[in-house]
Amino acid sequence: MSDYVMTIAGEAAPTEATFGVVNPATGEVFAQAPECTAEQLDAAYDAAAKAARDWKADEGARRACLRRAADVLTASAGDLAPVLTAEQGKPLRDANVEVVAASIWTQYFANLETPAQVIQDDDKARVELARRPLGVVAAITPWNFPLTLAFWKIGPALLAGNTLVLKPSPFTPLATLKVGELLRDVFPPGVVNVISGGDELGAKMTSHPVPRKISFTGSVETGKKVAQSAAPDLKRVTLELGGNDPAIVLDDADPAAVASAIFAGAFANNGQVCSAIKRVYIPEALYDDVVEGLAAQARTIKVGDGTQEGVKLGPINNRPQYERVKELVGDALSRGATAVAGGKAMDRPGYFFEPTVLAGVSDGTRIVDEEQFGPALPVVPYRNLADAIDRANATHFGLSGSVWGADTDRAADVAAQLECGTAWVNTHLALAPQQPFGGFKWSGIGVENGPWGLAEFCELQVVYRSKTSST
Ligand code: NAD
């Protein structure tokens, strides 16, 4: 049996079968995760459905449980962070930040006011809008931020009065399983169930008849499958999918300052952030300076095993993603791009890739047009701003983007022309629990966070009280 165990109906749910979890810093399997059976999936949904009846009845109790969950997360950061580093690869310090962020988000939802809305109150009627829970939620998360993204779902789903079955990515199931264990003492049995397994378990979760809502974070490709799977019985879906975020630098920007900030926005979590900067457009006059500024940082940042002091970037999380980054960088180099920094895999065990800055590259090259999701940044020169905006928008993606310049009004005007869910000015990756996050086009359907994210876990009900009836 594995050290890691699923949580169903508030109890440990052991499995016969397990699968290996690889430490990306070594490339070796270091732990076993439970493989959920079909019967256990049914049991998890059954427990969630049974728990829903009482859970939706007491908002005060829900808020109190969420507050306790936030406290438990903070208190457990020291235990959870090393597990996250081992399975995900991120430096220990970033793993700690991730646990704390999960706690902050949970605290936010515990306290989020949900005032009743009265839309009519006159001689004829009083009409109120109420938000009702949907029932059971299927929550599915990716491997880049397993805990933070789980709690973007847990907080609002539970506050709204739903119960939940959560499945992390098979690449990073362990910290989430540990969280399930910790939450057994926090929520009534069945309110939060945590199961693990491969991609096929995700497909079974979304086609199952019990859940009324699927809250999914992952790739565009899988998001489309989830939407198809939800369609036959009209399950509600929120899809937070991939991005290919552009950063547009304007001609009045300070090259050194911009290079430093753009590097941070592109290489955070080793480039494995849905809304990281994934391509940069720079005016020809500033091109060499910004490229050199980016490359200088890429050459000097410390890459290594996330457990080691001072390491800022870990490995890529998994072999398929590592192969994909190698392939996209190789493709760009074969088409004449220059690796001003990095450009190849590191000669050591694990999935390490040199932080890479690619110059002499343009739209029409795969690494500009596709989501690389790793530590390699293409930098594209432009002559005409309108053309750069068109190129930034010429994509199926539309998660976020940023515009950089000294004249912030002008930069904001350009940002407003970006076709994406979040348009930043002189920053990137500024996220907050009160700020709705979602994508245009193929980057998603719906949003997470804020009252808008909460609304996605509710049905809207009109309560109409007639004042003219004779009864
Ligand atoms: P993925 O789509 O491969 O997997 C995500 C999750 O879906 C995993 O838990 C996986 O097991 C599950 N899954 C796989 N096939 C399924 C199916 N047919 N039905 C249901 N579930 C299934 O994505 P990934 O590689 O884990 O994550 C990287 C992607 O996630 C990137 O594209 C990234 O941009 C995106 N992402 C988006 C956001 C956002 O908020 N928009 C945040 C983080 C990551």
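Given the structure is predicted, the values throughout are model-derived calculations rather than measurements. (Residues numbered from 1 in each chain as written. Predicted model: local features only at pLDDT ≥ 70, side-chain atom pairs only at ≥ 80, totals over all residues. Heavy atoms only, no water.)

## Thoughts on the side chain of asparagine 193
Thinking step 1. Among the secondary structure elements, asparagine 193 is positioned in strand β9 (residues 192-194).
Thinking step 2. Of the polar contacts made by the side chain of asparagine 193, one reaches the backbone nitrogen of alanine 9; its length is 2.9 Å.
Thinking step 3. Aside from chain neighbours lying at most four places away, what touches asparagine 193 is Thr7, Ile8, Ala9, Ala44, Ala47, Ala48, Leu164, Val165 and Leu166. (Helix = DSSP H or I, 4+ residues; strand = E, 2+ residues; numbered from the N terminus. Polar contact = N/O pair within 3.5 Å; in protein donor to acceptor, adjacent residues only side chain to side chain. Contact = heavy atoms within 4.5 Å.)

## Description of the packing of helix α2 (residues 59-88) against helix α5 (residues 174-183)
Thinking step 1. Their axes nearest at 9 Å, the elements α2 and α5 cross at an angle of 155°. The orientation of α2 with respect to α5, classified from their angle, is roughly antiparallel. Seen along the crossing, α2 lies across α5 with a hand that is right-handed. Side by side, α2 and α5 meet where Ala69, Val72, Leu73, Ser76, Leu80, Val83, Leu84 and Glu87 of the first sit next to Leu174, Ala175, Lys178, Val179, Leu182 and Leu183 of the second.
Thinking step 2. Within the contact of α2 with α5, the residues separate by chemical class into 11 nonpolar, 1 polar and 2 charged. (Axes fitted to C-alpha atoms, helices over the stretch in contact; angles between N-to-C directions. Parallel < 35°, antiparallel > 145°, perpendicular 65-115°, else oblique. Left-handed = near helix turned anticlockwise from the far one by under 90°. Nonpolar A, V, L, I, M, F, W, Y, C, P; charged D, E, K, R; others polar.)

## Notes on the layout of surface pockets
Take a probe with the size of a water molecule and roll it over the atoms, and the empty space left behind shows itself.
Thinking step 1. When its volume is computed, the largest pocket comes out at roughly 1100 Å³.
Thinking step 2. Mapped onto the lining of the largest pocket, the elements with two or more residues apiece are α6 (199-207), β10 (213-217), α7 (220-230) and α10 (319-334).
Thinking step 3. Broken down by class, the residue content of the lining of the largest pocket amounts to 17 nonpolar, 13 polar and 8 charged.
Thinking step 4. Residue lining of the second largest pocket: 22 residues in total, with Thr114, Pro115, Ala130, Arg131 and Cys458 positioned closest to the centre. (1 Å grid on protein atoms, 1.4 Å probe; cavity = no way out; pocket = protein on both sides within 12 Å on 5 of 7 lines; lining within 4 Å. Points joined across faces, edges and corners; volume = space filled by probe spheres on them.)

## Focus: empty space enclosed by the protein
Thinking step 1. Tallied over the full model, the rule gives 4 cavities of 30 Å³ or more.
Thinking step 2. Of all the elements in the fold, those that place two or more residues in the lining of the largest cavity are β12 (245-249) and α12 (385-393).

## Notes on unusual backbone geometry
Thinking step 1. At asparagine 269, a residue that is not glycine, the phi angle is positive and equals roughly 55°.
Thinking step 2. For asparagine 269, a relative accessible area of 12% gives the class buried.
Thinking step 3. A positive phi angle is found at phenylalanine 373, which is not glycine, with a value near 55°.
Thinking step 4. Within the secondary structure layout, phenylalanine 373 lies in the loop between α11 (366-369) and β16 (376-382). (Buried < 20%, exposed > 50% of the residue type's maximum accessible area, 1.4 Å probe, protein only.)

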